[in-house]
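One letter stands for each residue in the lines below.
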Amino acid sequence: MEIWINPACSKCRSALTLLDAEGADYTVRRYLEDVPSPDEIRQVLDRLGLEPWDITRTQEAVAKELGVKEWARDAENRERWIAALSAHPKLIQRPIITAEDGTAVVGRSEEAVRDALSR
């Protein structure tokens, strides 16, 4: 199990606290420092069953600068979104937890973190 976190994020800290309380075996990835490659983002999206726009923090300043809210959300523009997430990791929704069964969840709630633990 791996969890992508921003240590400044309260949702990330809550997820870590819950994982620790449950005795989970996991690896922390500080994705702002250890930036995921486009291929890694594609892999996580496949595990999540989501598209890049589904995990993009559109309210971040850089998102507004790039105008991502106006970008088309379709197959033709998918790579543009993935490139933006890799170039600007602050745009990635957090925390993302990869589960043991090959799936992943965006662990913004206790329920989602527990879901990852049960897989």
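Because the structure is a prediction, the values reported are computed rather than measured.

Enquirer: Quick question: what am I supposed to make of the environment of R13 here?
Expert: Take R13: it is sitting in helix α1 (residues 10–21). Put simply, R13 and D46 are 33 residues apart on the chain and 25 Å apart in space, counted from C-alpha to C-alpha.

Enquirer: Help me understand helix α5 (residues 110–118), please; the structure alone is not making it clear to me.
Expert: Owing to its 3.6 residues per turn, the α-helix aligns residues three or four sequence positions apart on the same side. Turning to α5, its buried residues are A112, V113 and A116. All buried residues of α5 lie within an arc of 100° about the axis, which places them on one face of the element. Seen from the buried face of α5, the exposed residues on the opposite side, beyond 90 degrees, are E110, E111 and S118. Here the buried face of α5 lies against α1, β3 (96–98) and β4 (104–106).

Enquirer: Any chance you could explain the nonpolar core here in plain terms?
Expert: Nonpolar side chains in soluble globular proteins tend to end up buried together. Among the nonpolar cores identified, the biggest contains 20 residues, and I55, I92 and I96 are the most heavily contacted of them. Sorting the residues of this core by element identifies α2 (38–48), α3 (61–66) and α4 (78–87) as the ones contributing at least two each. Those residues in contact with I92 that sit more than four places away from it in its chain are W4, Y31, P36, I41, I55, R57 and L85. If you look at the next biggest cluster of nonpolar residues, it comprises 14 residues, including I3, L16, L19 and V113.

Enquirer: How do you make sense of the packing of aromatic side chains when you look at a structure like this?
Expert: Any aromatic ring pair is given by two values, namely how distant the centres are and how the planes are angled relative to each other. For the structure shown, the criterion picks out two aromatic pairs. Judged by centre distance (5.8 Å) and plane angle (70°), the ring pair of W53 and W81 falls under edge-to-face. You can see W53 sitting in the loop between α2 and α3 and its partner W81 sitting in helix α4, a full 28 residues away along the chain. In terms of burial, W53 and W81 fall into one category: buried. Each ring, one from W71 and one from W81, has its centre 5.4 Å from the other, and the planes form 80°; the classification is edge-to-face. Note that W71 is positioned in the loop between α3 and α4 and W81 in helix α4, a separation of 10 residues in sequence. Note on W71: relative accessible area 11%, which makes it buried. A residue is classified by how much of its surface remains accessible, and W81, at 1% relative accessible area, is buried. Among the aromatic side chains, those forming a connected cluster through ring pairs are W53, W71 and W81.

Enquirer: Is there a simple way to explain the packing of α1 against α5 in this structure?
Expert: One can describe the packing of α1 onto α5 by two numbers: an axis separation of 10 Å at closest approach and a directional angle of 45°. The angle between α1 and α5 places the two elements in the oblique class. Of the two possible hands of crossing, α1 and α5 adopt the one that is right-handed. Residue-level contacts link A15, L18 and L19 of α1 to E110, V113, R114 and L117 of α5. Split by residue class, the contact of α1 with α5 holds five nonpolar, no polar and two charged.

Parameters at a glance
Residues numbered from 1 in each chain as written. Predicted model: local features only at pLDDT ≥ 70, side-chain atom pairs only at ≥ 80, totals over all residues. Heavy atoms only, no water. Helix = DSSP H or I, 4+ residues; strand = E, 2+ residues; numbered from the N terminus. Buried < 20%, exposed > 50% of the residue type's maximum accessible area, 1.4 Å probe, protein only. Arc of directions from axis to C-beta. Contact = heavy atoms within 4.5 Å. Core = buried A, V, L, I, M, F, W, Y, C linked by side-chain atoms within 4.5 Å. Phe/Tyr/Trp six-rings, centres within 6.5 Å; stacked < 30°, edge-to-face > 60°. Axes fitted to C-alpha atoms, helices over the stretch in contact; angles between N-to-C directions. Parallel < 35°, antiparallel > 145°, perpendicular 65-115°, else oblique. Left-handed = near helix turned anticlockwise from the far one by under 90°. Nonpolar A, V, L, I, M, F, W, Y, C, P; charged D, E, K, R; others polar.

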